[in-house]
Amino acid sequence: MDNTTNVTTGEARLSYVHLFQPHAMQPGQEAKFSATILVPKSDTATKARIDAAIEAAKRKGVSEKWGGVQPPVIPTPVYDGDGVRPSDGMPFGPECKGHWVFTASCKADYPPEVVDVNLNPIINHSEVYSGMYAQVNVSFYPYVFGGKKGIGCGLGPVRKTRDGEPLASGAVSAAQAFGATPAPQQSAPQQQINPITGLPM
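Computed from a prediction, not measured in an experiment: that's the story for all the values here. (Residues numbered from 1 in each chain as written. Predicted model: local features only at pLDDT ≥ 70, side-chain atom pairs only at ≥ 80, totals over all residues. Heavy atoms only, no water.)

**Student:** An account of the pattern of salt bridges is needed here, citing residue identities and associated values.
**Tutor:** Should their charged atoms come close, side chains of opposite charge can pair. Counted under the stated rule, the structure contains 7 salt bridges. The partner of Glu55 in a salt bridge is Lys58, with the nearest N and O atoms 3.2 Å apart. Taken together, the residues span about one helical turn, with Glu55 and Lys58 both in helix α1 (residues 44-65) at a distance of 3 residues. Taking relative accessible area as the criterion, Lys58 reaches 14% and is therefore assigned buried. Residues joined by salt bridges that share partners form a network here, namely Lys41, Asp80 and Asp82. (Salt bridge = Lys/Arg side-chain N within 4 Å of Asp/Glu carboxyl O. Helix = DSSP H or I, 4+ residues; strand = E, 2+ residues; numbered from the N terminus. Buried < 20%, exposed > 50% of the residue type's maximum accessible area, 1.4 Å probe, protein only.)

Structure (structure tokens):
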């Protein structure tokens, strides 16, 4: 493990959690384990470690990946949650306000370890969800992909620290869908049809 590019965060909030099942962001893309990590801006120590790891990854890129030349602009994976998404220019979700936001992923054949506060493996997948709090180990690395150069973020072990308000994943729960509304009543008794003759009984 390269300690210069490896960071264990302080307590962060997780979003878009895919820690037990690899997930493809878009059809045709490689499915990976991933999570979006929201580091509070108040956690300046974690941010300083992340910045140092990204700088170390850039130096690695120059010496190992980019032919000895540092590109003038190097895309990095960490964004300001008070700003806009790089993909579509839309504001980040409300949960990102006041946070640094980045997504870490790893290949489908290297599932991340997911443990509780006491480092016991979490067996019950429902305990791991978007909105919970965790410490996450990540590694920053240089890449060249399709002619583009930049810094990526690899996902390592995840340690759940506590529960949080679940973030909507876009899926609607049964309680949200049906709530306290009573089941619809049939207004008139249905006429029975004889299954043999097809005529009313």
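The discussion continues.
**Student:** Report on the packing of aromatic side chains, specifying residues and quantitative values.
**Tutor:** What describes a pair of aromatic rings is the distance from one ring centre to the other and the angle between the planes of the rings. Taken as a whole and assessed by the stated rule, the structure comprises 2 aromatic pairs. Measuring from ring centre to ring centre gives 6.5 Å for Tyr79 and Phe92, while their planes differ by 35°; the resulting arrangement is tilted. Residue Tyr79 is found in strand β4 (residues 79-80), and its partner Phe92 is found in the loop between β4 and β5 (99-107); the two are separated by 13 residues along the sequence. With a relative accessible area of 31%, Tyr79 lands in the partly exposed category. Their ring planes at 45° and their centres at 6.1 Å tell us that Phe102 and Phe140 sit as a pair that is tilted. On the criterion of sequence distance, the pair formed by Phe102 in strand β5 and Phe140 in strand β7 (residues 133-145) is long-range, its members being 38 residues apart. In this pair, the class of Phe102 matches that of Phe140, namely buried. The ring of Trp100 carries the charged tip of Lys41 above its face, separated from the ring centre by 5.0 Å. Lys47 extends its terminal NZ or CZ atom over the ring of Trp100, reaching a point 4.2 Å from the ring centre. (Phe/Tyr/Trp six-rings, centres within 6.5 Å; stacked < 30°, edge-to-face > 60°. Lys NZ or Arg CZ within 6 Å of the ring centre and 35° of its normal.)

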